[in-house]
Amino acid sequence: MKKSVSYLKEIHKFFKENAWDLEEYKVPNLWIYDKPTSGNSSLSFNEFYLNKLEEILSYDRNEDYNQSLSKINNEHHGIGGDWSYYSVVYNAFPRFTAAYDHNNSGDLEDFKHKGKVVKKTGTFLKMISMLPYIKSFGCNVLHLMPITKIGIDGNRGDLGSPYAIKNPYQLDESLAETAIPFSVEEQFKALVEACHMLDIRVVLEFVLRTASLDSDWIKDNPDWFYWIKKDQAKNYTKPSFSPEELEEIRKVPYRRSSCIAPSKEYQNLFANPPSKEQIKFINNKYIAETEEGELIIPGAFADWPPDDQQPPWDDVTYLKLYNDEFSEQNFNYIAYNSIRYYDTDLEKEENRNLGLWKALIGIIPHYQTHYGIDGIMLDMGHALPEALMTRLIEEARKIDSDFCFWEENFEIKKSSRKTGFNATLGFEWEFKEHDVGIRNMLITASRALPLPFFGSPETHNTPRLKDLLIKKQYWVLNSLLPSCLPFIHSGYELNETHPVNTGLNFSQKELENYKDFPLALFNRQSLDWDASVELVEFMQKIALLRIKNQEWIATGDERTLSILYPENRFGKVIAFQRHDAFQPWKTILVIMNSNLYGYEKFFLNLFGTYNNEYIEYLSGDFYSFEDHWMSGELKPGECLLFEIHKLL
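The rules behind these values
- Residue positions are given per chain, counting from 1 as you read along its sequence in written order.
- With pLDDT at 70 or above as the cut-off, local features in this predicted model cover only qualifying residues; side-chain atom pairs require 80 or more to be listed or tallied, and sums for whole chains, interfaces and linings still use all residues.
- Hydrogens and water molecules were not included; the side-chain quantities draw on all heavy atoms of the structure.
- Salt bridge, as applied in this entry: a Lys or Arg side-chain nitrogen positioned within 4 Å of an Asp or Glu carboxyl oxygen.
- A run of DSSP states H or I qualifies as a helix once it reaches four residues; a run of E qualifies as a strand once it reaches two. Both are numbered from the N-terminal end.
- Note on classification: 1.4 Å probe, protein chains only; a residue is buried when its accessible area is under 20% of the maximum for its type, exposed when over 50%, partly exposed between these limits.
- Axes here refer to lines fitted to C-alpha atoms; in helices the fit is confined to the stretch in contact. Angles between the N-to-C directions go from 0 to 180 degrees.
- For this classification, under 35 degrees means roughly parallel, over 145 means roughly antiparallel, 65 to 115 means roughly perpendicular, and everything else is oblique.
- Note on definitions: a residue-residue contact is assigned when non-hydrogen atoms from the two residues lie within 4.5 Å.
- Think of it as three bins: nonpolar holds Ala, Val, Leu, Ile, Met, Phe, Trp, Tyr, Cys and Pro, charged holds Asp, Glu, Lys and Arg, and polar takes everything else, Gly as well.
- A pair of strands is treated as paired once DSSP finds two or more bridges between them.
- Any Phe, Tyr or Trp ring, taking Trp's six-membered ring, that has another such ring centre within 6.5 Å forms a pair; planes under 30 degrees apart are called stacked, those over 60 apart edge-to-face, and the others tilted.
- Here, a charge over a ring is recorded when the distance from Lys NZ or Arg CZ to the ring centre is within 6 Å and its angle to the ring normal is within 35 degrees.

Visitor: Explanation requested: the pattern of salt bridges in the structure shown.
Guide: Should the charged atoms of two oppositely charged side chains come close, the side chains can pair. Tallied over the full model, the rule gives 25 salt bridges. The closest approach of N and O atoms between Glu55 and Lys52, which form a salt bridge, is 3.2 Å. A residue pair is termed a helical-turn pair when its members lie 3 or 4 positions apart in one helix, as Glu55 and Lys52 do in helix α3 (residues 45-57) at 3 residues. Its relative accessible area of 7% is what places Lys52 among the buried residues. Across the pair Glu395 and Lys398 runs a salt bridge, and its minimum N-O distance is 3.0 Å. On the criterion of helical spacing, the pair formed by Glu395 and Lys398 is a turn pair, its members being 3 residues apart in helix α14 (residues 386-399). A single salt-bridge network, built from bridges that share partners, covers Asp101, Asp107 and Lys120.

Visitor: Please explain the packing of helix α1 (residues 7-17) against helix α7 (residues 184-197) as it appears in this structure.
Guide: In a packed pair of helices, the relevant descriptors are the angle between the two axes and the axis-to-axis distance. Contact geometry of α1 with α7 gives a least axis separation of 7 Å together with a crossing angle of 105°. The angle between α1 and α7 falls in the class roughly perpendicular. Mapping the contact onto sequence places Tyr7, Leu8 and Ile11 in α1 and Glu186, Gln187, Lys189, Ala190, Glu193, Ala194 and Met197 in α7. Looking at the contact of α1 with α7 residue by residue, the classes come out as 6 nonpolar, 1 polar and 3 charged.

Visitor: Would you take a moment to explain the sheet that holds strand β23 (residues 573-579) for this structure?
Guide: Within a sheet, adjacent strands bond to each other through the backbone by hydrogen bonds, running parallel or antiparallel. The strand order across the open sheet built from 4 strands is β22-β23-β24-β29, with neighbouring strands paired in antiparallel fashion. Strand pairing shows two members of the sheet lacking a second neighbour, β22 (561-564) and β29 (639-645), which therefore form its edges. Between one strand axis and the next, the sheet turns through 15° on average, direction left out of account. The strands touched by helix α16 (residues 434-445) within the sheet are β22, β23 and β24 (586-593), with β23 carrying the most contacts at an inclination of about 25°.

Visitor: Where do I start with unusual backbone geometry in this structure?
Guide: Among all residues except glycine, the phi angle is most often negative; among peptide bonds, the trans geometry is most common. Omega for the peptide link from Trp304 to Pro305 comes to 0°, which places this bond in the cis form. With respect to the helices and strands, the residue Pro305 is situated in the loop between β15 (293-296) and β16 (316-318). Unusually for a residue other than glycine, Lys114 sits at a positive phi of about 50°. Examined against the element boundaries, Lys114 turns out to sit in the loop between β4 (111-113) and β5 (116-118). The class of Lys114 is exposed, set by a relative accessible area of 63%.

Visitor: Please clarify how the packing of aromatic side chains should be interpreted in this entry.
Guide: Aromatic rings considered in pairs are described by the distance between their centres and by the relative angle of their planes. In total, this model carries 40 aromatic pairs according to the counting rule given. Measuring from ring centre to ring centre gives 5.1 Å for Trp20 and Phe45, while their planes differ by 85°; the resulting arrangement is edge-to-face. Of this pair, Trp20 sits in the loop between α1 and β1 (25-28) while Phe45 sits in helix α3, and the two are 25 residues apart along the sequence. Of the two residues examined, Trp20 and Phe45, each falls in the buried class. Within the aromatic cluster, the residues linked to one another by ring pairs are Phe14, Phe15, Trp20, Tyr25, Phe45, Phe48, Tyr49 and Phe182. Across from the ring centre of Trp83, 4.4 Å away, lies the NZ or CZ of Arg201, which sits over that ring. Directly above the ring of Tyr492 sits Lys471, whose terminal nitrogen or CZ lies 5.2 Å from the centroid.

This is the structure in structure tokens:
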């Protein structure tokens, strides 16, 4: 088979043959040097990217890297995609993660040098340059938040949300480095190639329930959308229900039968879809002139629980996955029972919006065949119709039998595994009380779980953890527990405190504090890449321990975890062991002080042949077991780790 064009090598060739005299191009030291170093350095634009490309190309095995890593290596895992169990994930929002003030002007506005525009927001080229840094955490998966074309109707901030998807088949042009003569598609192909060359898989995030209010699909497919009367738009909001109705509605996910409809007044805000000829595009907004008056497409809202307090989403709308042409009841409105749980009178094969389903089913294969991606994260995948979800997975795995599907869900469910998912993001434990959160993690990981979950105390939708000691302890837990996949939300390793978005678990005080803050989901923002590298160094050291023992650490076998119970006055010392199921003398012992403000003494009895002196992994200090007992005093938030190879 003929190899496809290597755009990674084409870009490298361009830099080699076309020197450009932008000599003062500031770059974070973390992107340049192997040893973590804070601050930045000034290099030539050409020198920086040429050196990084040559570093990556040194791993070239003369393969065709424009296909999934499983295809390159001729691999298949479990039901397909179960390589997820071995995943250590770096979650990037490219335009934010790779943003930097390269000319030290104090802002993130692009600048010109001799007629060429230099991007300060993140690009695929910059993401390529960051791959050695990302790999230093043991990461073998790059998970990218949506990178598709963004709409402008209703956009917040100066850039708009990546979740306001104008066209899911097209890439966001802003992610192209404009100073080089390669399209955004070619630069993304080069990024996927570079990842595969470094044995890093690429997982893209897709949103298949919503579209931007100015979606490219609207003009030719008005029946794929909900419409409301423009003169009633001021009355449009999410539907409200009485306390008695809410009580019944909350039973719907478990009952899956007929759902309670919103009021007739609410239903009457909506109109039938217009014809294509009636639609006009005026001032970046679609308006239809019909016999019922002018119609517009309404915004979406958080659909569960039905009394969710999140404000409306003004830049996206819900796609109309079912029409009501054949139903006895009118479902021509947006509510929890027409976009999530699907009333049984609506969820029938004859009601499927087949043109829309076909378009949605084709998205993932498009990115497989054009770019060779390895898997997807499906935003709120559990809220899609089961029949649609089944088709999505079937079609993708016809192309690549080892293609992974990750879901966003708040539960770890057997049904997810049965559907074909390989891992779950969004399952959260309570960590407001830190020691309670750690114990809940241990209890969860000690159970037989149907699929692994991502160990991530923060995502782009949650508050950031703001305590360095807590972050260290969670990274240890996430790296060493069974069925737990370490997941770095970019900025975690830099001890970033500002959230990307205010979506879930924010207090009213936090929401008020961030009301006027330019959040990165919508605005030009960058991480503090010049910050202290203390957490970076710590995380890289733990990553080396996981890599060294990956064969038995990266498993879903709950029997390889033993929760221990140290003697401690206030119960603040937490301990556990991981061991190799086939070579039980291989053990990693973890002891941590969940008290972040005070010292804690402990006594720990380990039954077995522990009568020796061991070196603590992080500090290099010696600790002794005497007659199976260890004792010590832990500093606030301190973690001890021991690799113990005992003979039984």
